[in-house]
Amino acid sequence: MEGKKTIGICITKIHDISRSVFLDLLYRYAEEKSMKLIIYNSFIDFYNNSTYAEGARYVYDFMRCDKLDAVVIMKETFFNDSIVNSIIENARSAGVPVLTVKGKAEGCFSITDDYSEAYKEVIRHVITHHGARNTFYIAGRKDNDPTSDLRLGCYKAVLAENGIEFSEDNVAYGEYWEGPAKAAVDRLVEAGRVPRAILCANDTMAMAVCEQLAHYGYKVPSDVIVTGFDGLPMSDAHSPAITTCKENVTALAKRTIDMAEEMINGAEPYCDTVKFMVHKTESCGCIGNSYTSDRAVSSQLYKKLHEMTAHEDHAFSWIDHIMEHTSTKDLLGIISHYILGESVVYIRSDFLASIGGLPDEAPNGADHMTQVNFCERRNEPYEFRYCNEETIRADIKEKFKHAGMFVITPIFVEDIPCGFYVAFTNEIKDHAHKIRRISSCINIAFHEAVNRYKQQTMKQRIENAAYINPITSLPNLRGCCRWFNDFALMQSNHKKALAISVYGLRQYKYIYENYGIADIENAVKHVSEALRQANTTDCFVGQITEDEFVIVDYFDDADMISERINKATATFFPLIDDFNVSSGKEYFVEVNCGCTVVNPGWQGSLASFIKLASGEMYINRLKSGASPVIKENKSKHSFEIFSLLIKKNLFRYCFQPIVDVHTGEIFAYEALMRTESNINMSPLDVISTASEYNMLYDIERATMFNVIGHYSQNRERFEGKKLFINSIPGHTLNDEDNLIITEKYGELMDNFVFEITEQNSVSDDELSKLKSIGGTGGNNQIAIDDYGTGHSNIVNLMRYSPQIIKIDRFLISDVDKDVNKQMFIKSTIEFARINNIKVLAEGVETSEELKTVVSFGVDYVQGYYMGKPVFEPVKAIPDEIRREILNVS
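This is a predicted model, so every value here is computed, not measured.

Criteria and thresholds
Residues numbered from 1 in each chain as written. Predicted model: local features only at pLDDT ≥ 70, side-chain atom pairs only at ≥ 80, totals over all residues. Heavy atoms only, no water. Pairing = 2+ DSSP bridges. Helix = DSSP H or I, 4+ residues; strand = E, 2+ residues; numbered from the N terminus. Axes fitted to C-alpha atoms, helices over the stretch in contact; angles between N-to-C directions. Buried < 20%, exposed > 50% of the residue type's maximum accessible area, 1.4 Å probe, protein only. Contact = heavy atoms within 4.5 Å. Expected span 1.5 Å × (residues − 1).

(A) Just the sheet that holds strand β7 (residues 171-173), in detail. With parallel pairing, the four strands of this open sheet are ordered in space as β7-β6-β8-β9. Two strands close off the open sheet at either side, each with one partner strand: β7 and β9 (225-227). Pairs of neighbouring strands in the sheet enclose a mean axial angle of 15°, with direction left out of account. With three bridges joining them, strand β8 (residues 197-200) and β9 adopt parallel strand pairing. Counterpart to Ile198 in the pairing with β9 is Val226.

(B) Just the pairing of strand β26 (residues 781-787), in detail. Within β26, six of the seven residues are buried, leaving the element largely enclosed by the surrounding structure. Looking at chain direction, strand β25 (residues 752-757) and β26 are connected through five bridges and run parallel. Paired with Glu755 across the bridge in β26 is Ala783.

(C) Highlighting the side chain of Ser813. Structurally, Ser813 can be placed in the loop between α28 (809-812) and α29 (819-834). On the accessibility criterion, Ser813 (8% relative accessible area) is buried. Residues within four places of Ser813 in sequence aside, it is in contact with Ile517, Ala518, Glu521, Lys821 and Glu849.

(D) Broad picture of the sheet that holds strand β27 (residues 804-807). Around the barrel, which closes on itself, the eight strands sit in the order β22-β23-β24-β25-β26-β27-β28-β29 with mixed pairing between neighbours. Strand-to-strand twist of the sheet, defined as the mean angle between neighbouring strand axes without regard to direction, takes the value 30°. Where strand β28 (residues 838-842) meets strand β29 (residues 860-862), three bridges bridge the pair, whose relative direction is parallel. Looking at the pairing, Glu842 lines up with Gln862 of β29. Docked against the sheet, helix α23 (residues 696-713) engages β22 (651-660), β23 (666-675), β24 (722-726) and β25, running at close to 170° with respect to β24.

(E) Layout of helix α8 (residues 203-215). The end-to-end C-alpha distance of α8 is 18 Å, a good match for the 18 Å that 13 residues give at a rise of 1.5 Å each. Among the residues making up α8, those that are buried are Asp203, Met205, Ala206, Met207, Ala208, Val209, Cys210, Gln212 and Leu213. Buried residues along α8 sit against β6 (135-139), α7 (178-190), β8, β9, α9 (233-237) and β10 (244-246). Immediately downstream of α8, the backbone of Gly217 shows phi near 90°, a positive value.

From the geometry alone we can't say anything about function, so treat these as descriptive.
Below is the structure:
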């Protein structure tokens, strides 16, 4: 800096009038000693340790103390000592001396203020000079407030000096603001105890007291003397001007620069004190001329107000433009038009990259920045300019030659540091409020950019989820068809030969029913991974059903088909054999394969080609001695049992608890179908048989009447909790049965949630009927069951408008270990929150699964870990599991 010493000033909220005045004086004295000031400022004072505070403190962590000659900390402006201590530690590590102003720190130079004598003099002046011995005191906070206690102590001491007895009846606590102070005046007037003088612990309360006394017709100071404390600038502009004691800002600024010079010259740390000044004026009767009658001052205040109002309008216009931006480049262009002329914005390139706003060719990383300079021409497009620490330092150094100070303010989105706004100025009093608005607008701009990016990516993820199998992360049938349709649009691809191979996992149902979700999921994952490893060149891999996969190979030379297919199978099947040998399972994973070849010039859909390949797979399965999957007709005996079940209504129902993770209490139960022991049909057998004989409506009707009737007869057992009832899509109650339900149970319908599976599309008419069962006029609550295993898409989800999404147990099993499942579930929860939909995780079977889904933010959990389905609804889940839920949530 050409031989000039540079001082870093750490402060918060420079737009506060007293702080901007102090900084202005500091700058004037620094200029006299050829010093430069760098202001590190946050518009958050860290009183509340929110996520925003983490982002705001970045400006102090960024400070390069090794480039400074001294550091000054305005300690009183920070409400978080850890930040102050961090600044001090960074400075000491760089060998730079530190001065704390209005507060002490071990091993540092310090300047404190002493107001006790000045404040006592104000009180003493009222009692002795004006003869007001009947006084009342309005203190700050009543408890845990050392400042309030100290000022009240000054009042007590002056009373004792003058032989006046102190009484708690003559003290009120105004909390340092207007409302309680005015309320204290109200009580005095109502009690007929208005004193000769009311002494206040700050100017804000003093001005409020003056206003409230005037409301009751009392004049200040002729009827009642009023004094304050602080010396706020507006207390002089108040009518009447407030007698107070105030900080000697001029002396404090001069002493700060002088001590900084001593530090730089190698002095040893010590502490100095600057005393407050007594300011006697109108509210005690000492001066008759109003400060505000000075036309020059009034004109200056009006000009300031006009300037602030104009800049506020400017900021509102800016925000309107921010909300209209469509790209990061547009946003940076908007920023360039609204910042101060002598200022610049630096945005971290890694942050811009994280929201998709950085061109591919741009340098990335935390040490690279994207620079935005002021641009006066509004129609000039923004061009990206990149910089690093070296170029930033050179740029700032050049600008610093023409300005006595510059202010660095953080740009952040919650706890994410994004960059800095740097304003060069010699007129901090005029620019402080503008810097604040500009910084706020920039933060709003990037907060909006982040939210917009999150919404776009979340929408994309959810839309993509409709085309991806959540277990294997392979494209599902819809995803395969979408890929093939795009592939077929390119005419050059029709010149290629195709080989479509279908791989089937033969024992899917057997493994699932006998060994459970975890085993079948593990087998499916292994098959999918083996297919990926075996098919790596000029091909597409997808999963078309829960147990079948498709490979589409494409060839410029049809003679290469056999070689590639043979090579793929030669790689794939040994991988399956290795799995069978190493897994230690009682079963073997068997996979069959079929392939069909399509010559160049092909026409047709992927579905038609898959059918041909599937036929080949079943033939190969037969040749290998395995039985193909053939639908068997139900025997006459089976139908008789099923008919008996329907005619005699031999259904039973178990109730599994659904737990609210926010309270650990049971929120609802799901009614699960069972049959009497003499029937001995599983729910899947019942549905399968009913489907074959076109009797699904009979099952739907029995379910609705049985479950709702059971709830009505046993209300005390359910204790007002909700009951989830499974509905069969396409078989909603007809008008006649609905009328019966309405007449018998209409008043109970608020207690039920109707579940429909995601895998079966529901028409608008069916959906309307389901929502209106029991005569509710469409107000029944809906839950989407098995979410994540069917054709998940936003359109259907928004059309159903469910109150609850039940994430399928396939996705919950081992979710603590599976990143793909975690991504899908997090996306679902984000989407649900935005659309006010609750999320339920079903099939929770382990402590790890429970902790994971609760930490992600699901609203409800259901599964064997909390409680198995039982015929008698349980009242509560085990205490240890309830504590486990609450500890995570």
